[in-house]
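The residues making up each chain are set out below.
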Amino acid sequence: MRTSERLPGHPDFLWATADPKSSYDVVVVGGGGHGLATAYYLAANHGITNVAVIEKGWLAGGNMARNTTIIRSNYLWDESAGIYEHSLGLWEGLEEELDCEILFSQRGVMNVAHSLGDVREGRRRVNANQLNGIDAQWLEPDEVGKLAPVLDVTDRPRYPVMGATFQPRGGIAKHDYVAWGYARAAAALGVDIIQDCEVQGFETDGDTVTAVKTSRGRIACGRLALCAAGHSGVLASQLGVRLPVQSHPLQALVSELLDQVLDTVVMSNAVHVYVSQAHKGELVMGAGVDAHLGYGQRGSFHVIEEQMAAAVELFPVFARAHVLRTWAGIVDVTPDASPIVGHLAQWANAYVNCGWGTGGFKATPGIGSVFADTVAHEAPHRLAEPYALDRFVSGRLIDEHGAAAVAH
């Protein structure tokens, strides 16, 4: 049975929720951005509409609602540049495609350099981006100051600004609107979105996954697609596959509502703080991943404390702002800080999309379309090929951990 519901917080978002049927052509596990986008593109691009998105909690209640909304494609490695630039291209037309407002704002993303090493790495990445056809610029300190006047670019700070990379097409979007837009569009095409439906195990026959055992009953599947951020490793283990991922909390916070003081996104890897100002006026700040492993949506206080200390050093005016709330998501981190996309080891009809670390939100439309193509054709999309699980056997790693100016 399908019923229509209005999504919380926005009166115009009408979507359909469903009770599970006994069988689906594709079962997508994870009702966040990647899962909803995958289901939408399966229906929209490939005509596969007998699809269920099953979610343990509520729609987009995991990492999709706990990220800092930054969108960019200025990664160093060709493989990363390919998937993120594909995604950015889809972001630029997403409001029209989904026929909904997602508040996509291309205000630019700046990665600040604080040392000679940062400068060399930044210039190298700008050159690599330009060779890949990605908009990228190198900014001198005075240009940085013009774009972000509240950033201290004098020679006094503890972290001197020696320049920055800048991607003008980067920016932010409203994460919950993105999820709701995909949910509504997928439901309109016939996809069933099933909340409060926890995976409790799988049924298999030879090398085939035949059904998903859930808290709402058994669901037979033709193909299985795992898209549960932070928990795909747990699900894969139930199929006897140990994925090379670790789950860490990732913290962020917002301030009270303020007048507009920051018109671009500013990121710093050396002190690992990044900040943008949301559409309503709150400052949105994030930190690096907590060092400890865990599935709790909270983090260590010292991480946020150090993040705030660095932010005030870079933006002295922020010392007058008040923190409104803090939170944490759960991110899967692989050894090379790049995702795993493709077949799930020995299972002929099971696929996995995980390990995005801190890059998951910006990849949402791109990986949704690429993963849907991979599942639909039962073969990796060309942009997914480098992210196959067997790269950890062959050694063909995509080490963005050591190459990117910042992981986010």
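This write-up is about the structure you can find in this document.

The rules we used
- Residues numbered from 1 in each chain as written.
- Predicted model: local features only at pLDDT ≥ 70, side-chain atom pairs only at ≥ 80, totals over all residues.
- Heavy atoms only, no water.
- Buried < 20%, exposed > 50% of the residue type's maximum accessible area, 1.4 Å probe, protein only.
- Helix = DSSP H or I, 4+ residues; strand = E, 2+ residues; numbered from the N terminus.
- Pairing = 2+ DSSP bridges.
- Salt bridge = Lys/Arg side-chain N within 4 Å of Asp/Glu carboxyl O.

Across the five residues that make up strand β16 (residues 273-277), a large majority, five, are buried. Of the strand pairs in this sheet, strand β15 (residues 265-268) and β16 are connected by three bridges, and their pairing is antiparallel. Bridging across to β16, V266 finds its partner in V275. Two elements, β16 and strand β17 (residues 282-289), share four bridges in a ladder whose sense is antiparallel. Paired with Q277 across the bridge in β17 is L283.

A few words now on the pattern of salt bridges. Across all of its chains, the model carries 10 salt bridges by this definition. A salt bridge links D135 to R169, with the nearest nitrogen and oxygen atoms 2.9 Å apart. Residue D135 is found in the loop between α4 (116-131) and β7 (137-139), and its partner R169 is found in the loop between β8 (163-167) and β9 (171-172); the two are separated by 34 residues along the sequence. For D336, the salt bridge goes to R391, with nearest N and O atoms at 3.0 Å. Of this pair, D336 sits in the loop between β18 (323-333) and β19 (340-343) while R391 sits in helix α10 (residues 391-394); the two residues are 55 residues apart in sequence, bridging distant segments of the chain. The exposure class of R391 is buried, given its relative accessible area of 2%. The network of salt bridges with shared partners includes E85, E92, D135 and R169.

The buried count for strand β20 (residues 350-354) comes to five of five residues, which makes it a mostly enclosed element. Of the two faces of β20, both are covered, the one formed by A350, V352 and C354 as well as the one formed by Y351 and N353. When β19 meets β20, the two strands line up antiparallel, connected through four bridges. Bridge pairing in β20 places H343 opposite Y351. In this structure, the hairpin formed by β19 and β20 is closed by a connection of six residues, where A345 is found at a positive phi of approximately 50 degrees.

Positive phi values are uncommon outside glycine, yet D196 reaches one of about 50 degrees. Tracing the sequence through the fold places D196 in the loop between β10 (192-194) and β11 (199-205). On the basis of relative accessible area, D196 is assigned to the exposed category, the value being 57%. One non-glycine residue, A345, lies in positive phi territory at about 50 degrees. Residue placement: A345 occurs in the loop between β19 and β20. The exposure class assigned to A345 is partly exposed, which follows from its relative accessible area of 41%.

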